Amino acid sequence: MKRDFLSLSDLGPGGIERLLDLSAELHKTRGTADHPRPMAGRSAALLFDKASTRTRVSLEIAVHELGGYPVVITAQGSQIGRGEPEADTARVLSRIVDIITYRTFESSRLVELARAATVPVVNALTDDAHPLQLLADLYTVRAVRGKLAGLSYAWVGDGNNMARSWIEAARLLGLQLALACPAGFEPPGQEVALANRAGAKVPITHDARQACEGADVIRTDVWASMGQEHETERRKRAFAAFCVTNELVRLASSEVVVLHCLPAHRGEEIEADVIEGPRSFVWDQAGARLHTGKAVLVWALGKA
């Protein structure tokens, strides 16, 4: 059976920890003769309906350093942008490449492509989830704090795809994750309830101070995600009290890890002094995308 990575749950019990261990090994051996090349003689199609910097660069370099050949396909430069069905694209690519990554809008587009593909498919972001980024977040926290369990996590901002991936991680790992979101911008209640029933502690609040009190990790993201640009002004008003400020950082643990998946709007969701400050690990977080991206490719190809 092929291995698709559409969500964190696809990794199975204990899968997140094993994948983070593999990421660390790939990080450690990068640039050495010990670095594995399991994609030698193989190719990957990297599909993008949405703009990308970190996802595109990290995946392209990951495939190359694993010994493979990456082919970047954007909607603007392919038949995808002219309405070719995802299933048709999947059937064609499955006869040419060994693995497909897809960054798109509705999750239904990713699911349709994965169902039709006979090679592994990796979720490189949808409107509902961004598991590749979440793995880099966890990798960064573990690298800085030495563990994931027993820490207090705070999300400040929109209940968007990243917040939802964090909720899934909390459910799978039993984390304590407080989400501070403006009224009307909370994540889906059923996903929060599922996490809590699984043993995680995932309270929702409308008070960023409450969420960040004593937090070991503070995570934020843009107020308007891709495709929501027409809502920017309305969201600025709604999210005015949800900026990660020095005041919020002082309320947190003295060893707090501040994360943001970028691009950042300084003065909106995060203060410039915070993202450039001593508790910010945003740049390590971005760099971790390479190592965790490699690990996902290796796992999906059945090499781990």
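Draft legend 1. Seen up close, the sheet that holds strand β1 (residues 43-48). Taken together, four strands build an open sheet; the order of strands is β2-β1-β3-β4 and the sheet is parallel. Two strands lie at the open edges of the sheet, namely β2 (69-74) and β4 (121-123), each paired on one side alone. Direction aside, the axes of adjacent strands within the sheet are offset by 20° on average. Pairing between β1 and strand β3 (residues 99-103): five bridges, direction parallel. Bridging across to β3, F48 finds its partner in R103. In the packing of helix α3 (residues 86-94) onto the sheet, the strands contacted are β1, β2 and β3, and the crossing angle to β3 comes to about 150°.

Draft legend 2. View of the nonpolar core. Ranked by size, the top nonpolar core spans 58 residues in total, and within it F5, L138, Y153 and W166 carry the most contacts. For this core, the element with the highest residue contribution is helix α12 (residues 282-300), accounting for eight residues. Other than its neighbours up to four places away in sequence, W166 contacts L134, D137, L138, Y153, W155, L175, L177 and R219. Counting residues in each nonpolar core, the second largest holds 27 residues, with A180, I218, W223 and C243 among its members.

Draft legend 3. Looking closely at the pattern of salt bridges. Under the counting rule described, the total for this entry stands at 22 salt bridges. Among the ionic pairs, K2 bridges to D4, the shortest N-O distance being 2.8 Å. Given a relative accessible area of 18%, D4 falls into the buried group. Residue D127 pairs with K50 through a salt bridge whose shortest N-O separation is 2.7 Å. Of this pair, D127 sits in the loop between β4 and α5 (131-145) while K50 sits in the loop between β1 and α2 (54-65), and the two are 77 residues apart along the sequence. Shared partners join several salt bridges into a network, and the residues in it are D158, E231, R234 and R235.

Draft legend 4. How the structure looks around helix α6 (residues 161-173). Here α6 contains 13 residues, and its C-alpha end-to-end distance of 18 Å stays within 8% of the 18 Å for a straight helix at 1.5 Å per residue. Within α6, eleven of the 13 residues are buried, leaving the element largely enclosed by the surrounding structure. Taken together, the buried positions of α6 are occupied by N161, M162, A163, R164, S165, W166, I167, E168, A169, A170 and L173. Looking at the buried residues of α6, the elements they touch are α1 (15-29), α5, β5 (152-156), β6 (176-180), α7 (189-197) and β8 (217-220). Between the side-chain oxygen at the start of α6 and the backbone nitrogen of M162 there is a gap of 3.1 Å, and the oxygen is on N160. Directly beyond the C-terminal end of α6, a positive phi value near 70° is found at G174.

About the cut-offs
Residues numbered from 1 in each chain as written. Predicted model: local features only at pLDDT ≥ 70, side-chain atom pairs only at ≥ 80, totals over all residues. Heavy atoms only, no water. Pairing = 2+ DSSP bridges. Helix = DSSP H or I, 4+ residues; strand = E, 2+ residues; numbered from the N terminus. Axes fitted to C-alpha atoms, helices over the stretch in contact; angles between N-to-C directions. Contact = heavy atoms within 4.5 Å. Core = buried A, V, L, I, M, F, W, Y, C linked by side-chain atoms within 4.5 Å. Buried < 20%, exposed > 50% of the residue type's maximum accessible area, 1.4 Å probe, protein only. Salt bridge = Lys/Arg side-chain N within 4 Å of Asp/Glu carboxyl O. Expected span 1.5 Å × (residues − 1). Polar contact = N/O pair within 3.5 Å; in protein donor to acceptor, adjacent residues only side chain to side chain.

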